[in-house]
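# Reading the structure
Chain by chain, the residues run as shown.
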Amino acid sequence: MKHLIIYTQKELQQLTRTRQQEIKIGEEVVCIADQENWEQELSKSDCEFVLLGIPEDIGVRANYGRGGAHTAWKPALESFINQQSNVFLTGKNICVLGHVFVDDLMDKANDLNPKTKQDMLQLRTLVSEIDSRVSTIISKIIACKKTPIIIGGGHNNAYPIIKGCQLALDQKINVINCDPHSDFRPLEGRHSGNGFSYAHSENYLEKYAVFCLHEQYNTSQVLKDFDKQKDDLYYSSYEDIFVRESKQFGTALQQTISYVKQNGCGVELDLDAITNVPSSAKTSSGISPVQARQYVYQCGKQLNSLYLHIAEGAPILSHIKADNKTGKLIAYLISDFIKGRTEKND
């Protein structure tokens, strides 16, 4: 497929640090051997989960954010496959498919200045091209009856992921999103801040729930939209849980899950939500890594989850050096989601 870079078993072996008398997840994961007919091979395989990277940050830059989200995929993959394979989690149920090819679009974006109106319009046009590539690949994975786990890139990719699910299933889906921001900004051209508003307006998204939304980092209009459309839109605020303490974390999470539980549901996590994790909008007041892990685990266990999307992580931000802990955190999150889903199936 033109815009899908499929990884070989040899490439995964080179990333896996083997050790005598140990088995790493990377030694057991499924890789696609017949790249020309990858859909047929994936459909026939016994794996349930499919790892896919999106190494881009164009959507973030098209939303006046800081670049770096293209750097999350590789360290996350390496951290994940170098975990131990054991009784709690093995790689046998997981396919490492590869990543979406966006190098050509990234090269074009690097020559653009988001501070100028014309260049900003071009950045948003490039995001629409990413949308097309991602939605096509996601629809094929869902059609194979697999659960994609998508890592890397800005939160703009929520839109094509939701669209890909809808196209494959021929029905609207629900989505839960742990995020300080609703990403429900106006339809002003595609960027990382309006993935869900676009998906909702184009009838790909049924019910949308935001968990731990930050009250002062969402526009007045967005909050009015949520208040007017309570049948479709819901949020629980960070301040209700951690500042006013009018709700406990577990209670608020359960209420948010219940809102989207009646339908197939996408699971979204913006790493902006976690305190001091390098991202395009790093926060000094967010949830803890443990709470993020609880979130993805409970979503995997309780929901009819169609996918997991971890967005906005930026181990190498454009203005600071690399942070290697981010890849390991993402690996934990992937593992927790898979464990939750596995327990649900058991």
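Structure: see above.
Worth saying up front: this structure is predicted, and the values here are computed from it rather than measured. (Residues numbered from 1 in each chain as written. Predicted model: local features only at pLDDT ≥ 70, side-chain atom pairs only at ≥ 80, totals over all residues. Heavy atoms only, no water.)

## Section: the overall build of the chain
The number of helices and strands found in the chain is 13 helices and nine strands. The C-alpha radius of gyration computed for the chain amounts to 19 Å, which stays within 12% of the reference 20 Å derived for 346 residues, consistent with globular compactness. The principal-axis extents of the C-alpha atoms in the chain amount to approximately 55 × 45 × 45 Å. Taking contacts inside the chain between residues at least 6 apart in sequence as the whole, the part at least 24 apart equals 79%. Carbon and sulfur atoms make up 46% of the accessible area of the chain, which totals about 14,900 Å². Treating the 38 positive side-chain charges of the chain as one cloud and the 42 negative ones as another, the clouds have centres 2 Å apart. (Helix = DSSP H or I, 4+ residues; strand = E, 2+ residues; numbered from the N terminus. Rg over C-alpha atoms; globule rule 2.2 N^0.38 Å. Contact = heavy atoms within 4.5 Å. Areas by Shrake-Rupley, 256 points an atom, 1.4 Å probe, with all protein chains shown as cover. Lys, Arg positive; Asp, Glu negative; His and termini not counted. Charge placed at Lys NZ, Arg CZ, Asp CG, Glu CD.)

## Side note on helix H11 (residues 249-260)
Look at H11: 17 Å from first C-alpha to last across 12 residues, which is about the 16 Å you get at 1.5 Å a residue. Residues of H11 that are buried include every one of Phe 249, Ala 252, Leu 253, Thr 256, Ile 257, Tyr 259 and Val 260, and no others. Here the buried residues of H11 occupy an arc of 155° about the axis, which is enough to place them on one side. Here the buried face of H11 lies against strand E5 (173-178), strand E6 (205-213), strand E7 (233-237), helix H10 (238-242), strand E8 (265-270) and helix H12 (289-302). (Expected span 1.5 Å × (residues − 1). Buried < 20%, exposed > 50% of the residue type's maximum accessible area, 1.4 Å probe, protein only. Arc of directions from axis to C-beta.)

## Focus: the side chain of Asp 131
Considering the arrangement of structural elements, one finds Asp 131 in helix H6 (residues 117-143). In this structure the side chain of Asp 131 is engaged in a polar contact, spanning 2.8 Å, whose partner is the side chain of Arg 190. Non-local contacts of Asp 131, meaning those with residues more than four positions away in its chain, are made with Asn 156, Tyr 159, Pro 160 and Arg 190. (Polar contact = N/O pair within 3.5 Å; in protein donor to acceptor, adjacent residues only side chain to side chain.)

## Some words on the pairing of E5
One face of the sheet, then the other: side chains in a regular strand alternate in exactly this way. Here E5 lies mainly inside the structure; six of its six residues are buried. Covered by surrounding structure in E5 are Ile 173, Val 175 and Asn 177 together with Asn 174, Ile 176 and Cys 178, the residues of both alternating faces. Where E5 and E6 come together, five bridges link them in parallel fashion. Across the sheet, Val 175 pairs through a bridge with Tyr 208, a residue of E6. As for the winding sense of the linkage, the β-α-β connection from E5 through helix H8 (residues 195-201) to E6 is right-handed. As judged from the five bridges shared by E5 and E8, these two strands associate in the parallel manner. Residue pairing in the sheet places Val 175 in a bridge with Gly 266 of E8. (Pairing = 2+ DSSP bridges. Right-handed = clockwise from strand over helix to strand, strands pointing away.)

## Focus: the packing of H12 against helix H13 (residues 325-345)
Direction vectors running N to C along H12 and H13 enclose 30°, while the axes themselves pass 7 Å from each other. In terms of orientation, H12 and H13 fall into the roughly parallel class. Handedness of the H12/H13 crossing: right-handed. Contacts between H12 and H13 involve Pro 289, Ala 292, Arg 293, Val 296, Tyr 297, Gly 300, Lys 301 and Gln 302 on the former and, on the latter, Leu 329, Tyr 332, Leu 333, Asp 336, Phe 337, Lys 339, Gly 340, Arg 341, Glu 343 and Lys 344. (Axes fitted to C-alpha atoms, helices over the stretch in contact; angles between N-to-C directions. Parallel < 35°, antiparallel > 145°, perpendicular 65-115°, else oblique. Left-handed = near helix turned anticlockwise from the far one by under 90°.)

## Re the pairing of strand E9 (residues 305-311)
Burial runs high along E9: seven of the seven residues are buried. As defined by bridge partners, strand E4 (residues 147-151) adjoins E9 across three bridges and the pair is classed as parallel. Along E9, the bridge assignment pairs Ile 151 with Ile 310. When E8 meets E9, the two strands line up parallel, connected through six bridges. Each bridged residue has a counterpart across the sheet, and for Leu 269 the counterpart in E9 is Ile 310.

## Let's talk about the side chain of Asp 119
Here Asp 119 shows up in helix H6. Engagement of the side chain of Asp 119 in a polar contact is seen with the backbone nitrogen of Asn 113, the distance being 2.8 Å. Filtering out sequence-adjacent residues up to four positions away, Asp 119 remains in contact with Asp 111, Leu 112 and Asn 113.

## A look at the pattern of salt bridges
The full count for this structure, using the stated rule, is 12 salt bridges. Note that Glu 215 is salt-bridged to Arg 244, the shortest N-O span being 2.3 Å. Remark: Arg 244 occurs in the loop between H10 and H11 and Glu 215 occurs in the loop between E6 and helix H9 (220-228); sequence separation between them is 29 residues. Taking the relative accessible area as the measure of exposure, Glu 215 reaches 22% and is therefore partly exposed. Using a relative accessible area of 47% as the deciding quantity, one classes Arg 244 as partly exposed. (Salt bridge = Lys/Arg side-chain N within 4 Å of Asp/Glu carboxyl O.)

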